[in-house]
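# Structural overview
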Amino acid sequence: MKRTVFVVGAGASVDFGLPLGSELAERIRDGLDKEFAAGSNGGPIREALTRTTSGFTGEHYNAAAEIRGGLLLAPSIDFFLQSHGDRPRVVEM
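The structure contained in this document is the topic of the report that follows. None of these values were measured; they are calculated from a predicted model.

### A closer look at the pattern of salt bridges
For the structure shown, the criterion picks out five salt bridges. As a salt-bridge pair, Glu23 and Arg27 come within 2.8 Å of each other at their nearest N and O atoms. Note that Glu23 and Arg27 are positioned in helix H1 (residues 21-35) at a spacing of four residues, about one turn of the helix. Here Glu59 ties to Arg89 by a salt bridge, and the two come within 3.0 Å at their closest N and O atoms. One end of the pair, Glu59, is in helix H3 (residues 58-70); the other, Arg89, is in helix H5 (residues 88-92), with 30 residues separating them in the sequence. One salt-bridge network, in which partners are shared between bridges, spans Glu59, Arg89 and Glu92.

How each quantity is defined
Residues numbered from 1 in each chain as written. Predicted model: local features only at pLDDT ≥ 70, side-chain atom pairs only at ≥ 80, totals over all residues. Heavy atoms only, no water. Salt bridge = Lys/Arg side-chain N within 4 Å of Asp/Glu carboxyl O. Helix = DSSP H or I, 4+ residues; strand = E, 2+ residues; numbered from the N terminus.

This is the structure in structure tokens:
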């Protein structure tokens, strides 16, 4: 029996309603903009982190701020994560 392998590009998931990496980066950046907005008590990211056992720490905040700024220059979330693979807290966030 021969086996068949299908190689599908990253954009194939768009037909199923999932965003491209560049659109996902934009969504994350927009969410972090709201999260860090002046006068904000925090948004869904901070809310989710406060439910974890370790809670929202300064390291989380710094990593989120780094992601927010870094995604302005990154062509996609995949590229950003690959270029920050040596930063565990950034990858976790």
